[in-house]
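Coordinate analysis (summary)
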Amino acid sequence: MRALKSRRVVTPDGLRPATVLVEGERIEGIASYDLSLGEVHDAGDAVVMPGLVDAHVHINDPGRDDWEGFEHATCAAAAGGVTTVVDMPLNSIPATTTQAALARKHDAARDRLAVDVGFWGGVVPGNAVDVDALWASGVLGFKCFLVPSGVPEFSHVSESDLDQALPVIARLDAPLLVHAELPAAIDTAAPDHTINGRVYATYLTSRPVAAEVEAIDLVIRLALVHNPRIHIVHVSSREGAERIREARQRGVRISGETCPHYLTFSSDEIRDGATEYKCAPPIRDSKTRSSLWESLRSGDLDFVASDHSPAPPAMKALDTGDFFAAWGGIASLQLLLPAVWTGARERGFSIDRMANWLTIAPARLAGLAGRKGAFEPGAHADVVVWDPEASFVVEPSALQHRHAITPYAGRRLFGVVRQTWLRGKLVYDGSHHLQTDRGRVLTR
């Protein structure tokens, strides 16, 4: 028996002094703070919290592991207190759209994981016939794009494609994650970026809120017919969050996430040519940032995920600063906890409220509740020990992502990870990885 105790433990009943009891790889239970049993690890005033579950990560392996790869991604995760990662089906070659491609993922991940990793399957034009086999092989759900994804291996779907896939997904009761932007609204808004592609406002204008809202409206309309579980990824606007709330009121089974970059940055502070900030949908203004925090407060949005989407430096067009030529993605897996906590503490959110967005809520979407995201008897003993009062300045070279490109560079963040435990074993001690092949592939 192992005991992890602290005066601040995130329990199912809230934040309180407690002792987390661990037997082997599993949580045995929560006991009083005064209990000393077996091998005792006393964290003092540090927060003891279930390991984070990041349900939106692009590892890009196999095929594009020079963009990231399993080793870099999962070591960065462990250093950030993330013990469970769910990998997106695009950017790897092959994309995870068939049973054979999923097997390639499993082979590529073997003995290369510092934390546990599950996989989303992909929905692309013509692969509705592959959905059953992917589900039977253990994917945690499915992902589609309604706008070009940026890579040729993963085509975006049309309304007719969704009409074919949604009945199958609904029958399986699997979640469908949707990148919600529509090409028509983007085409209508497109400015002449050849004149001022370095100007962030030009890029922002090219991906209007209307593209997100119209896409969510389309998915809601189809959901009213087929009754699937729908999850909108990286919601970037107040209007998008409102559409999710209104759809729930109509009985649609829909949820939504936002990302740390939408909660941290605003378009007002993005310099021209600063392509490290490029993502899609784009980072919007400070009023939108505030509205997304309020959407988390109200429950209109369910959780926060990193949307970790790295690429080699050349693909970020750092030399030209052309937002339209740059890869659209922000690498932030290691910074998920401190980035979200920094904004949450400024706005008066409690530690346990924030913990819900980063642990149990994403675990629930991925079908991992009971195994991940909470200190419940029988769950995996995944733990992050962190100091919410301590702060640090982000130094890109200290990040364990494969490429040290980040809009967080030079920013002071609160929340320093002291230890990360995976299934009862200490895997990161605040400065060193103790073993980098302990992670396992998760299936349904």
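The rules behind the values
- Residues numbered from 1 in each chain as written.
- Predicted model: local features only at pLDDT ≥ 70, side-chain atom pairs only at ≥ 80, totals over all residues.
- Heavy atoms only, no water.
- Pairing = 2+ DSSP bridges.
- Helix = DSSP H or I, 4+ residues; strand = E, 2+ residues; numbered from the N terminus.
- Salt bridge = Lys/Arg side-chain N within 4 Å of Asp/Glu carboxyl O.
- Buried < 20%, exposed > 50% of the residue type's maximum accessible area, 1.4 Å probe, protein only.
- Axes fitted to C-alpha atoms, helices over the stretch in contact; angles between N-to-C directions.
- Phe/Tyr/Trp six-rings, centres within 6.5 Å; stacked < 30°, edge-to-face > 60°.
- Lys NZ or Arg CZ within 6 Å of the ring centre and 35° of its normal.
- Contact = heavy atoms within 4.5 Å.
- Expected span 1.5 Å × (residues − 1).
- Polar contact = N/O pair within 3.5 Å; in protein donor to acceptor, adjacent residues only side chain to side chain.
- Core = buried A, V, L, I, M, F, W, Y, C linked by side-chain atoms within 4.5 Å.
- Parallel < 35°, antiparallel > 145°, perpendicular 65-115°, else oblique.
- Left-handed = near helix turned anticlockwise from the far one by under 90°.

Next up on the list: the sheet that holds strand 12 (residues 229-232). Strand order across the open sheet formed by six strands is 9-10-11-12-13-14, with parallel pairing between neighbours. A single partner strand is all that each edge strand has here, and the edge strands are strand 9 (121-122) and strand 14 (303-304). Note that strand 11 (residues 175-179) and strand 12 share four bridges and pair parallel. Each bridged residue has a counterpart across the sheet, and for Pro175 the counterpart in strand 12 is Arg229.

Right, let's talk about the pattern of salt bridges for a bit. Considering all chains together, one arrives at 28 salt bridges under this definition. Residue Asp116 pairs with Lys372 through a salt bridge whose shortest N-O separation is 2.7 Å. You can see Asp116 sitting in strand 8 (residues 116-119) and its partner Lys372 sitting in the loop between helix 14 (360-365) and strand 15 (383-393), a full 256 residues away along the chain. Side by side, Asp116 and Lys372 carry an identical accessibility label, which is buried. A salt bridge links Asp300 to Arg245; the nearest nitrogen and oxygen atoms lie 3.1 Å apart. Residue Asp300 is found in the loop between helix 11 (286-298) and strand 14, and its partner Arg245 is found in helix 9 (residues 238-249); the two are separated by 55 residues along the sequence. You can call Asp300 buried: its relative accessible area is 10%. Arg245 sits in the partly exposed class, given a relative accessible area of 30%. When salt bridges with common partners are traced through the structure, they connect Glu25, Asp116, Lys372, Asp382, Arg423 and Arg440 into a single cluster.

The pairing of strands in a sheet comes from backbone hydrogen bonds and takes either a parallel or an antiparallel form. Judged by pairing direction, the sheet is parallel, and its three strands sit side by side in the order 6-7-8 without closing on themselves. Each having just a single partner strand, strand 6 (52-57) and strand 8 make up the two edges of the open sheet. Direction aside, the axes of adjacent strands within the sheet are offset by 20° on average. Of the strand pairs in this sheet, strand 7 (residues 82-87) and strand 8 are connected by four bridges, and their pairing is parallel. Paired with Asp87 across the strands is Phe119, a residue of strand 8.

This paragraph deals with the packing of aromatic side chains. Tallied over the full model, the rule gives 14 aromatic pairs. Of the aromatic side chains, those joined through ring pairs into one cluster are Tyr200, Tyr203, Phe323 and Phe324. Directly above the aromatic system of Trp67 lies the positively charged group of Arg64, at a separation of 5.1 Å from the ring centroid. In this structure, Arg444 is placed above the aromatic ring of Trp135, and the distance from its NZ or CZ to the ring centre is 3.8 Å.

The next point concerns the side chain of Arg64. Take Arg64: it is sitting in the loop between strand 6 and helix 1 (70-79). A relative accessible area of 11% places Arg64 in the buried class. Excluding residues that lie within four positions of it along the chain, Arg64 makes contacts with Asn91, Ser92, Ile93, Val151, Pro152 and Glu153.

Taking 1.5 Å of rise per residue, 18 residues should cover 26 Å, and helix 8 (residues 209-226) covers 26 Å from first to last C-alpha, within 8% of that figure. All of the buried residues in helix 8 are Ala211, Glu212, Val213, Ala215, Ile216, Leu218, Val219, Ile220, Leu222, Ala223 and His226. Residues of helix 8 that are buried sit in contact with helix 4 (159-172), strand 11, helix 5 (183-189), strand 12, helix 9 and strand 13 (254-258). Asn227 lies just past helix 8 and shows a positive phi near 55°.

A few words on the environment of Arg440. With respect to the helices and strands, the residue Arg440 is situated in the segment after strand 17 (425-428). A relative accessible area of 40% places Arg440 in the partly exposed class. Residues Arg440 and Val115 lie 325 residues apart in sequence; the distance between their C-alpha atoms is 6.9 Å. Setting aside anything within four residues of it in sequence, one finds Arg440 in contact with Glu25, Leu113, Val115, Asp116, Val117 and Arg423. Within the structure, Arg440 has its side chain in polar contact with the side chain of Glu25 (distance 2.5 Å).

Here we come to the nonpolar core. Generally speaking, nonpolar side chains in soluble globular proteins are found buried as a group. By size, the foremost hydrophobic cluster in this structure holds 126 residues, and its most contacted members are Phe142, Leu176 and Trp357. In terms of residue count, the dominant contributor to this core is helix 8 (eight residues). If sequence neighbours within four positions are ignored, Phe142 has contacts with Trp120, Gly121, Gly122, Val123, Val131, Leu134, Trp135, Ile169, Ala174, Pro175, Leu176 and Leu177. Ranked by size, the runner-up nonpolar core spans 14 residues in total, among them Leu4, Ala46, Val383 and Val385.

A word on the packing of helix 12 (residues 336-346) against helix 13 (residues 351-358). For the pair helix 12 and helix 13, the least separation of the axes is 11 Å and the interaxial angle reads 140°. Regarding the angle of helix 12 to helix 13, the classification is oblique. Handedness of the helix 12/helix 13 crossing: right-handed. Each of Leu336, Leu337, Val340, Trp341 and Ala344 in helix 12 lies in contact with helix 13, whose residues at this interface are Ile351, Met354, Trp357 and Leu358.

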